[in-house]
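# Working through the structure, step by step
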Amino acid sequence: MSPAVLTGRCLCGAITLTITPPTDFVSHCHCASCRVAHAAPFVTWTSVPEQRFTMTGEPHLFESSAGVHRGFCGRCGTQVLYRADATPGRVYVPVGILDGIDRAADSHVSYEERAGWIEGLERLPCFAGKSQRTLAW
Ligand SMILES: [Zn+2]
Ligand SMILES: [Zn+2]
């Protein structure tokens, strides 16, 4: 069952937002712009119509490519959304800033731009916390 409302926030809490489900999709974006803007191997996105989105706080905006406006917190730097001129009336939100989501991821996009250094993630050993290894240097 879908939650009544999804909530999200930036790291410092200056920006908070709500989304009323259902979301449109959940997709992992591997494009270079997302990778650099978020300093992460890929970014998982969802979207909703603006009418089912609320936000407190005012993100700074950066046009990362023609017609794509990324919003981030001016205090802590968290990326909180993007809007695209090509899809008016729709807001895109990174799932990582939400407390939950109403669906499983359904796709990878811009997969041809993926970072080669994430290959084999599922084969790496996993540790609780940062690491249980003795530092070697
Ligand atoms: Zn913040
Ligand atoms: Zn992207």
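Now for a look at the structure at hand. (Residues numbered from 1 in each chain as written. Chains lettered and ligands numbered in written order. Predicted model: local features only at pLDDT ≥ 70, side-chain atom pairs only at ≥ 80, totals over all residues. Heavy atoms only, no water.)

For the rest of this paragraph, the subject is the overall build of the protein. Assigned secondary structure in the protein consists of one helix and ten strands. Counting helices and strands in the order they occur from the N terminus, the protein gives β-β-β-α-β-β-β-β-β-β-β. Principal-axis analysis of the C-alpha atoms places the extent of the protein at approximately 50 × 35 × 30 Å. Within the span of the protein, comprising 137 residues, buried residues form 34% of the whole. Within the protein, contacts between residues at least 6 apart in sequence are counted, and of these 61% link residues at least 24 apart. Of the roughly 8500 Å² of accessible surface on the protein, a fraction of 57% belongs to carbon and sulfur atoms. Here the protein contributes 12 positively and 12 negatively charged side chains, and the mean placements of these two sets differ by 8 Å. (Helix = DSSP H or I, 4+ residues; strand = E, 2+ residues; numbered from the N terminus. Buried < 20%, exposed > 50% of the residue type's maximum accessible area, 1.4 Å probe, protein only. Contact = heavy atoms within 4.5 Å. Areas by Shrake-Rupley, 256 points an atom, 1.4 Å probe, with all protein chains shown as cover. Lys, Arg positive; Asp, Glu negative; His and termini not counted. Charge placed at Lys NZ, Arg CZ, Asp CG, Glu CD.)

Another aspect to go through is the packing of aromatic side chains. Considering all chains together, one arrives at three aromatic pairs under this definition. Seen from their ring centres, Trp-45 and Tyr-82 are 4.8 Å apart, and the 85 degrees between their planes marks the pair as edge-to-face. A residue pair is termed long-range when its members are at least 10 positions apart, and Trp-45 in strand S4 (residues 43-49) and Tyr-82 in strand S8 (residues 79-84) qualify at 37 residues. Ring centres of Tyr-82 and Tyr-92 lie 4.4 Å apart, and the angle between their planes is 5 degrees; this geometry places the pair in the stacked category. On the criterion of sequence distance, the pair formed by Tyr-82 in strand S8 and Tyr-92 in strand S9 (residues 90-94) is long-range, its members being ten residues apart. Among the residues examined, Tyr-82 registers a relative accessible area of 18% and is labelled buried. Members of the aromatic cluster, joined through ring pairs, are Phe-25, Trp-45, Tyr-82 and Tyr-92. Above the ring of Tyr-82, the side-chain terminus of Arg-70 is found at 5.9 Å from the ring centroid. (Phe/Tyr/Trp six-rings, centres within 6.5 Å; stacked < 30°, edge-to-face > 60°. Lys NZ or Arg CZ within 6 Å of the ring centre and 35° of its normal.)

Here the focus is the coordination of the zinc ion (ligand 1). Bound to the zinc ion (ligand 1) are the protein donor atoms Cys-10 (SG), Cys-12 (SG), Cys-73 (SG) and Cys-76 (SG), situated 2.3 to 2.4 Å from the metal. Of note is the zinc ion (ligand 1), whose four donor atoms meet at the metal with angles of 106 to 113 degrees in an arrangement that counts as tetrahedral. Mapped onto the polypeptide sequence, the residues donating to the zinc ion (ligand 1) form the spacing pattern C-x1-C-x60-C-x2-C. Of the two residues, Cys-10 is situated in the loop between strand S1 (6-9) and strand S2 (16-19) and Cys-76 in the loop between strand S7 (68-72) and S8; the sequence distance between them amounts to 66 residues. (Donors = N, O, S within 2.8 Å, 3.2 Å for Na, K, Ca; no water. Tetrahedral: all angles 85-135°; square planar, octahedral: opposite > 155°, others 65-115°.)

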